[in-house]
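As a plain string of letters, each chain reads:
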Amino acid sequence: MHGIGKVGIVDKPIPEPGPNDVILKTTSALICTSDVHTVGGAIGDRKNLTLGHEAGGIVYKIGSAVTGFKEGDRCVVNAITPCYKCQNCLRGFPSQCGEACGGWKYANIKDGSFAEYFHVNDAIANLVKVPDDVTDEAALYTTDMMATGFMGAEHGNTPLGGSVAVFGQGPVGLMATAGARLLGAGLIIAVESVPKRQELAKYYGADVIVDFSKVDAVAEIKRLTGGEGVDTAIEALGMQPTFENCVKATRPGGTISNCGYHGKGEYVKIPRVEWGFGMADKTIRTGLCPGGSERMGRLLRLIQNGRIDPTKLTTHRMPFSDIEKGFRIMANKEDGVIKPMILFS
């Protein structure tokens, strides 16, 4: 990223690890809509910043204090890489490392992973080996899409057999749908208009598809739940209308779980009446992609034991030399894109 709206491929030196760090030689990566938002200026201007936060590779160089890894190990690292030492980390909010969203270092405050080599801080806490029976492609999805989507479901506090509406069936929304199924939701409603995404939503566990281009999504959700609304509404788009609909579709005492990236505007508004004028016991829960080697290991275990196959999300595969094309496809949502995979070797 040269600046807002400006990207290009440049040469940079191979980074060096500090005592607690590791350098990975990148083998593959995924392009995220968050990268597109960043280029568009959602977090402000950035100069000479390497993009990317969903990648895996081979251990290339190891810091002097790092144990448990050796050169050549096949690894992935989460998009969020906290220090696990600061007050927020020690309070149990590592994604907010140091400050709000401070665990988000890649392509924000340090160079990201769209490079032949990239730096992993605090490697013992953030890096995880990929099991031999998990492919590179599948492992990439633990770095963000599974971690974030599952967080959306986890934060929803859905009772066993309860009802969930997931607004948006992009990659995060699809993983939120899968997470709701794994957590035991009894009714999962996916709100989506694109046929391919509707199909994948059914594959990942949606019981009902609500096409918002054909019906009023909130009214249909109310009808499907006997007029009550859902226990949990998951916002997976980061848009004002979907956030409002989540509040409207949630029953009193329910939870609105926001895992979308609200990249535009100064405010996110809450519909006052459907919020019960602030008194309907509706919880609004937010969160940022949980990282850490322990959680990453659990996500890999779900893949390893056949609980989920996230590779259905991969719609495009291309070499690093075509990464600018991949960004364009992701930015414009061309060619039925869900996730483009970048191959470095």
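Right, let's walk through the structure included here. (Residues numbered from 1 in each chain as written. Predicted model: local features only at pLDDT ≥ 70, side-chain atom pairs only at ≥ 80, totals over all residues. Heavy atoms only, no water.)

A word on unusual backbone geometry
For the record, the criterion: Comment: elements are numbered from the N terminus, with helices defined as DSSP H or I runs of at least four residues and strands as E runs of at least two. Here's how the labels work: a residue is buried when its accessible area is under 20% of the maximum for its type, exposed when over 50%, partly exposed in between, all with a 1.4 Å probe on protein chains only.
One non-glycine residue with positive phi stands out, namely Asn-48, at about 55°. Structurally, Asn-48 is set in the loop between helix H1 (33–39) and strand E2 (55–62). Looking at Asn-48, the relative accessible area reads 52%, which means it is exposed. Non-glycine residue Cys-101 carries a positive phi angle of around 65°. Following the sequence through the fold, Cys-101 ends up in the loop between helix H2 (87–90) and strand E4 (117–120).

Considering the environment of Phe-327
Note the following rule: Only heavy atoms matter for contacts: two residues are in contact if any of them lie within 4.5 Å across the pair.
If you trace the backbone, Phe-327 turns up in helix H11 (residues 323–332). Setting aside chain neighbours within four positions, we find Phe-327 in contact with Ile-31, Asp-35, Val-36, Val-39, Leu-51 and Phe-114.

Digging into helix H8 (residues 217–224)
The condition that has to hold: Note that the arc is defined by the directions from the helix axis to the C-beta atoms. Residues adjacent in sequence count toward polar contacts only when both atoms are side-chain atoms; beyond that, a polar contact is any pair of N or O atoms within 3.5 Å, and within protein one must be able to donate a hydrogen and the other to accept it.
Along H8, the residues classified as buried are Ala-217, Val-218, Glu-220 and Ile-221. End-on view of H8: buried residues confined to an arc of 165°, all on one side of the axis. At the N-terminal end of H8, a side-chain oxygen is found 3.1 Å from the backbone nitrogen of Val-218, two or three residues along, and the residue is Asp-216. Note on H8: the residue one or two positions beyond its end, Gly-226, has a positive phi of about 65°.

Some details on the pattern of salt bridges
Where charged atoms from two side chains of opposite charge come close, those side chains can pair. The line we're drawing: The salt bridge criterion pairs a side-chain nitrogen of Lys or Arg with a carboxyl oxygen of Asp or Glu, the two atoms within 4 Å.
Under the definition given, this model contains 17 salt bridges. Measuring nitrogen to oxygen at the nearest pair gives 3.0 Å for the salt bridge that ties Arg-251 to Glu-228. Of this pair, Arg-251 sits in strand E10 (residues 250–258) while Glu-228 is found in the loop between H8 and strand E9 (230–235), placing the two residues 23 residues apart along the sequence. Residue Arg-251 is classed as partly exposed on the basis of its relative accessible area, which comes to 27%. Classification of Glu-228 as partly exposed rests on a relative accessible area of 44%. Members of the salt-bridge network, linked through shared partners, are Lys-70, Asp-73 and Lys-129.

Here we look at the sheet that holds strand E11 (residues 283–286)
Definition in use: Strands were regarded as paired on the criterion that DSSP finds at least two bridges between them. Every axis in this analysis is a line fitted to C-alpha atoms, fitted for helices over the stretch in contact. Angles between the N-to-C directions lie between 0 and 180 degrees.
In space, the six strands of this open sheet follow the order E8-E7-E6-E9-E10-E11, with parallel pairing throughout. Each of the sheet's edge strands pairs with one partner strand only, and the pair in question is strand E8 (208–210) and E11. The mean inter-strand angle of the sheet, taken between neighbouring strand axes irrespective of direction, is 20°. With four bridges connecting them, E10 and E11 associate as parallel partners. By the bridge assignment, Ile-256 is partnered in E11 with Ile-284. Seen against the sheet, helix H9 (residues 240–249) touches strand E6 (163–167), E9, E10 and E11 and runs at an angle of roughly 150° to E10.

Here's the deal with helix H7 (residues 195–204)
Among all positions of H7, only Arg-197, Gln-198, Leu-200, Ala-201 and Tyr-204 are buried. Seen from one end, H7 has its buried residues packed into an arc of 165°, which puts them on one side. Where H7 is buried, its residues touch helix H6 (171–182), strand E7 (187–191) and E8. Of the residues one or two after H7, Gly-205 is the one with positive phi, at around 130°.

Concerning the packing of H8 against H9
As a reminder of what qualifies: Every angle not falling under 35 degrees, over 145, or within 65 to 115 is termed oblique; those three ranges are roughly parallel, roughly antiparallel and roughly perpendicular. Put simply, a crossing is left-handed when the front helix is turned counterclockwise from the back one by less than a right angle, and right-handed when it is turned clockwise.
At a closest axis distance of 9 Å, the pairing of H8 and H9 adopts a crossing angle of 25°. As far as their axial angle goes, H9 and H8 are roughly parallel. When the axes of H8 and H9 are compared, the crossing they make is right-handed. Contacts between H8 and H9 involve Val-218, Ile-221 and Lys-222 on the former and, on the latter, Asn-245, Lys-248 and Ala-249.

As for the pairing of E2
Pairing of strand E1 (residues 22–30) with E2 involves seven bridges; the strand directions are antiparallel. Considered in E2, the bridge of Ala-29 is made with Ala-55. Where E2 lies against strand E3 (residues 74–77), four bridges are found, and the strand directions are antiparallel. Paired with Ala-55 across the two strands is Val-77, which belongs to E3.

Observations regarding the packing of H6 against H7
Operational definition: For this classification, Asp, Glu, Lys and Arg are treated as charged, while Ala, Val, Leu, Ile, Met, Phe, Trp, Tyr, Cys and Pro are nonpolar and the rest, including Gly, are polar.
Contact geometry of H6 with H7 gives a least axis separation of 8 Å together with a crossing angle of 20°. Compared by their axis directions, H6 and H7 come out roughly parallel. At the point where H6 passes H7, the crossing takes the right-handed sense. Mapping the contact onto sequence places Leu-174, Met-175, Thr-177, Ala-178 and Arg-181 in H6 and Arg-197, Leu-200, Ala-201, Tyr-203 and Tyr-204 in H7. Residue classes in the contact of H6 with H7 are distributed as seven nonpolar, one polar and two charged.

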